[in-house]
Amino acid sequence: MQQNVSETSSLSIIVVGASGDLAVKKIFPALFALFCRKLLPASFSCYGYARTPMTDEQFRELLMSRLNCRYTPGESECRMYMEDFLKHCFYTSGHYDSKEDFEALQTLLKRHEPADTPLTRLFYLSIPPFLFLPAAQSLHDAGLAEELPGRKTCRVVVEKPFGRDRESSDALTRGLAQVFTEPQTYRIDHYLGKEVIQNLMVLRFANLIFEPLWNRNNIDYVRICWSEDIGAEGRAGYFDHYGIIRDVMQNHLLQMLALVTMEEPLNLDPENVRNEKVKALRAVRPVRYEDIVVGQYTAADYEGQAQKGYLQEEGVPPDSITPTYAAAVLKVRNRRWDGVPFLMSAGKGLNHRRTEIHIVFRQVPGNIFAGPSATPHPNNLVIRVQPDAGISLNIMTKVPGLRVTLQETELNLSYAAAFAGEIPDAYESLLLDVVKGDKSLFIRADELEAAWDIFTPVLRDLESCRVQPQPYLFGSGGPRSADALAALHNATWE
Ligand code: BG6
């Protein structure tokens, strides 16, 4: 069990890859938010490390441009907080595979870390995955990752993609384990930090009414849909190597599936929660070739703008078969879910940005209101992850009037209307958990293995047979053959 960083101990946060997008746009603003909310210990410092030469001042200016005042009322007060926070930030440049450069970082750290208080060093590897191992090894060789019982602990944070398939993911896990133990390793899937996704366990297990219905007897099918109305934009080099299945489905969408299908854990102990998620993922049948449709967006006018097709994006080879869209049907082979189709779709260059989970219930058996003039709609529980976080339940209702007419209506919980105050960004929530040493929302090694086992065989089939993705217009709803796939399972995407 990892120890919480207490008020009296000191914390060094080392962001490796500190000049990159993720660090500047997400990690440092999240740390600033924790600072504003007084959730970091009094003695903390942040160290940026990257190849770009920069002074502390230049680094601070770079960070300043992305910090925001969500938790600090008033411009002048916010500025004071920013200045105060930035005084805790330092920078040194170096190569990711250089022991000597990391030794220089070690010297910098030692200059600031108090000698007489327990210390936690938190390394955030915000670098492309092919650099994880050289960077971890150099951290180790420079003595940065050394622990001293009761005096110094180390944690490492890494973020997907963890490999391209089960084999490469295992190799990465083994390599990283040479330097950091599994309890020290925090694998981020930032969707687990989103409020609505954190609420999934609460919805299911802190309410009486859902769990008795949460099974194959009452649920017809489940839909987990993710879409963006932007293309690969500026990240095409990365994206083309991975594609939408590895980028979004194997991680974010499978995590949602695990939270929807898992059994209730014994308690909230992180290992118990993760044990249940692993069990759920292991029950999923690996996706077969006939269970999936892949697509790729093509040029079109969308909202008055000419949008490039995927093959015209900079860095994408003209004959790329990388899918920007995928729709799949998954089956969970256990007593609770046997026979229930789980439809999953993810796509870029579609007609909206939206992430939702739909739990579609069965029709009421022997419904006395069903007749030639009335088709009762099945209940549908919708969990809206984004953009307008919320939960709604569609129910049949009598329309007020002198005749019995039924209409589908919606009970709607909107987070924006129901909860005052800021909704924390996913990275704020996750970084706070790393500081506290709470691993509930991080991916364990066996969880990662189980997730790769679901998609590795079909990825191999698609790539070895060079399956051409089906074209769809940018800004459309995706390839129509996805409808046929859903229809095979008596389901729809709408
Ligand atoms: C990332 C994917 O994990 O999630 C991106 O690599 C995607 O392709 C992003 O755009 C979406 O995150 P969010 O939080 O904006 O939904």
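Just so you know, these numbers come straight off a predicted model, no measurement behind them. (Residues numbered from 1 in each chain as written. Predicted model: local features only at pLDDT ≥ 70, side-chain atom pairs only at ≥ 80, totals over all residues. Heavy atoms only, no water.)

Undergrad: What exactly am I supposed to notice about unusual backbone geometry here?
TA: Working note: non-glycine residues mostly have negative phi, and peptide bonds are mostly trans. A cis amide bond, omega 5 degrees, links lysine 160 with the succeeding residue proline 161. Looking at the element boundaries, proline 161 is found in the loop between strand 5 (152-159) and helix 6 (166-177). Note the cis peptide between glutamine 386 and proline 387, where omega equals 5 degrees. Secondary-structure assignment places proline 387 in the loop between strand 14 (380-386) and strand 15 (390-398). Here glutamate 233, not a glycine, exhibits a phi torsion of approximately 20 degrees, which is positive. Checked against the element boundaries, glutamate 233 lands in the loop between strand 7 (219-227) and helix 8 (236-261). Take glutamate 233: its relative accessible area is 46%, and that puts it in the partly exposed class. (Helix = DSSP H or I, 4+ residues; strand = E, 2+ residues; numbered from the N terminus. Buried < 20%, exposed > 50% of the residue type's maximum accessible area, 1.4 Å probe, protein only.)

Undergrad: Even after reading the chapter, I still don't get the packing of helix 5 (residues 132-141) against helix 6, so can you show me in this structure?
TA: Packed helix pairs are specified by the crossing angle of their axes together with the interaxial distance, meaning the distance between the axes. Taken N-terminus to C-terminus, the directions of helix 5 and helix 6 make an angle of 10 degrees; their axes are 9 Å apart at the nearest point. Between helix 5 and helix 6, the angle falls in the class roughly parallel. Along the contact surface, helix 5 presents Phe132, Leu133 and Ala136, while helix 6 presents Leu172, Gly175 and Leu176. Of the residues that constitute the contact of helix 5 with helix 6, the class distribution is five nonpolar, one polar and no charged. (Axes fitted to C-alpha atoms, helices over the stretch in contact; angles between N-to-C directions. Parallel < 35°, antiparallel > 145°, perpendicular 65-115°, else oblique. Contact = heavy atoms within 4.5 Å. Nonpolar A, V, L, I, M, F, W, Y, C, P; charged D, E, K, R; others polar.)

Undergrad: Is there a simple way to explain the state of the cysteines in this structure?
TA: Put plainly, two cysteines are in a disulfide when a covalent bond ties their sulfur atoms together. Inspection of every chain in the model, using the stated rule, returns one disulfide. Cysteine cysteine 36 remains unbridged, with the sulfur of cysteine 78 as its closest cysteine sulfur at 6.4 Å. The buried category is assigned to cysteine 36, whose relative accessible area is 8%. (Disulfide = S-S within 2.5 Å.)

Undergrad: How should the domain arrangement of the protein be read in this particular structure?
TA: For interface size, the figure often reported is the accessible area lost on association. By the assigned domains, the protein splits into domain 1 (10-159) and domain 2 (194-422 + 446-487). Each of domain 1 and domain 2 was reduced to a C-alpha centroid, and the two centroids are 35 Å apart. (Domains from an automatic or database assignment.)

Undergrad: Before we go on, may I ask you to explain helix 5 in this structure?
TA: Every α-helical turn comprises 3.6 residues, leaving residues that sit three or four positions apart pointing alike. Looking at helix 5, one finds that the buried residues are Phe132, Ala135, Ala136, Ser138 and Leu139. In an axial view of helix 5, the angular spread of the buried residues amounts to 165 degrees, which keeps them on one side of the axis. On its buried side, helix 5 packs onto helix 4 (99-112), strand 4 (119-125), strand 5 and helix 6. Taken from the residues just after helix 5, glycine 143 is the one with a positive phi, measuring 80 degrees. (Arc of directions from axis to C-beta.)

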